[in-house]
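# Chain and residue survey
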Amino acid sequence: MIYSYSRLKRYADCPASFQYKYLYEMPELPTEPLVLGKTVHTAIQLYLTGTELQNAVEKAILQEAELPVDRDEVLRLVEHPMVRKIQGGQVEQQFLISLDREGVIQLQGYIDWYEQLPSGAVKLIDWKSNRQKYVPTDNHQLGLYSWYLSQVTGATEVDAELVFLRYPYADSRQAYTYTGVEMEESRKWALALATEIEDKVAELNLLDGGEDEHLFPAIPGKHCQTCSHASLCIKSVQIQPVKIDDEVDAQRVAAEVIRLESAASEMKEHLKAWAKEHGAIAVGDSSFDFVPSISWNIDAEKLYDLCSELHDRGLDVFQYLTLTAANLKKMGVTDAQLQLYGKQKTTKTFRLVKAKEAC
């Protein structure tokens, strides 16, 4: 089997998910973030290899967009200053290299951009359309890419950088210089996981259809949110009153909630597909159906005219209009300014939050 960082990461997160996708080759539903990411990467590749910007975006959408994507959003991400400043170098470099001396276990990958300078220094960039930033050392992806580049260029260090395209230039860059020791640590991580998978696949073949859940167990967690096979795992869940005595119990139950919610979301997508073709699905005295949600898009000038008309009729428009925290932030309004006009109201909801969001 040929491995990639994403394959190894999936196995590390949940062996069952790896088994469903790569051993059983079960299809996965495309997700909006994945489709957008592929589209943006293809558009950048086309642009950096000579295609005019607008044409690059159009071609990438036609080639990659299995789901509808916002063309303006793709364009905004592709014309990021870090993309525009790139000159020369290697774009979308595919590689295949052995992780072990015997050449049995192969690692493949795609490097978005890299360049070796006349001094011998190597620079590596990986484009990210994620909303949440992280640093290169949070995982082994750039460590593995840097290790590959060190093997083919002879560089003892690699300057690697994640560029988060949703952020302004100054805030978009997360850089790290990998040393030979750190690159070797990433190689060893990949080789250990790949070797473990190879051993389990060999054992699986010997079972010849026997019980195999112990080889590739399901591990619930945050990754279930993006897994298309979560519904296959819930057969192992025992529906019984939840008892939480300590933090370990709480973490176990929280991970299970993520898996159950993901499975429910997946099943709902299948229901939606069926309902689109056949109509409402009755469940007792209720039904699953498409319910219209109506809103109006009014440009700023016409919205001003509408508010003026309502005001002239004696209506207090400001009783009904609210400014969201997101829009206030876009306008640069600070908390200090708002305190001059009103009192802050804070409500709390219980939900899954990202680590940085919770800070």
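The structure under discussion appears in the preceding block.
## Description of the overall build of the protein chain
Helix and strand counts for the protein chain come out as 14 helices and eight strands. Projecting the C-alpha coordinates of the protein chain onto the three principal axes gives extents of approximately 85 × 60 × 45 Å. Among the 359 residues that make up the protein chain, the fraction classed as buried is 34%. Taking contacts inside the protein chain between residues at least 6 apart in sequence as the whole, the part at least 24 apart equals 62%. Summed over its atoms, the accessible surface of the protein chain is roughly 23800 Å², and 53% of this surface lies on carbon and sulfur atoms. Of the side-chain charges in the protein chain, 38 are positive and 53 negative, and the distance between the mean point of each set is 4 Å.

## Re unusual backbone geometry
For E25, which is not a glycine, the phi torsion comes out positive at approximately 55°. Its place among the elements puts E25 in the loop between α2 (15-23) and α3 (32-48). Overall, E25 belongs to the exposed group, its relative accessible area being 63%.

## Some remarks on the pattern of salt bridges
Across all of its chains, the model carries 17 salt bridges by this definition. K128 is paired through a salt bridge with D126; the nearest N and O atoms lie 2.9 Å apart.

## Here's the deal with the packing of helix α7 (residues 141-153) against helix α8 (residues 180-207)
Contact geometry of α7 with α8 gives a least axis separation of 8 Å together with a crossing angle of 110°. Relative to α8, the element α7 lies roughly perpendicular. Remark: the crossing between α7 and α8 carries left-handed chirality. Contacts from G143, L144, S146, W147 and S150 in α7 reach M183, E184, S186, R187, W189 and A190 in α8. Here the residues of the contact of α7 with α8 are counted per class, giving five nonpolar, four polar and two charged.

Procedures and definitions
- Residues numbered from 1 in each chain as written.
- Predicted model: local features only at pLDDT ≥ 70, side-chain atom pairs only at ≥ 80, totals over all residues.
- Heavy atoms only, no water.
- Helix = DSSP H or I, 4+ residues; strand = E, 2+ residues; numbered from the N terminus.
- Buried < 20%, exposed > 50% of the residue type's maximum accessible area, 1.4 Å probe, protein only.
- Contact = heavy atoms within 4.5 Å.
- Areas by Shrake-Rupley, 256 points an atom, 1.4 Å probe, with all protein chains shown as cover.
- Lys, Arg positive; Asp, Glu negative; His and termini not counted.
- Charge placed at Lys NZ, Arg CZ, Asp CG, Glu CD.
- Salt bridge = Lys/Arg side-chain N within 4 Å of Asp/Glu carboxyl O.
- Axes fitted to C-alpha atoms, helices over the stretch in contact; angles between N-to-C directions.
- Parallel < 35°, antiparallel > 145°, perpendicular 65-115°, else oblique.
- Left-handed = near helix turned anticlockwise from the far one by under 90°.
- Nonpolar A, V, L, I, M, F, W, Y, C, P; charged D, E, K, R; others polar.

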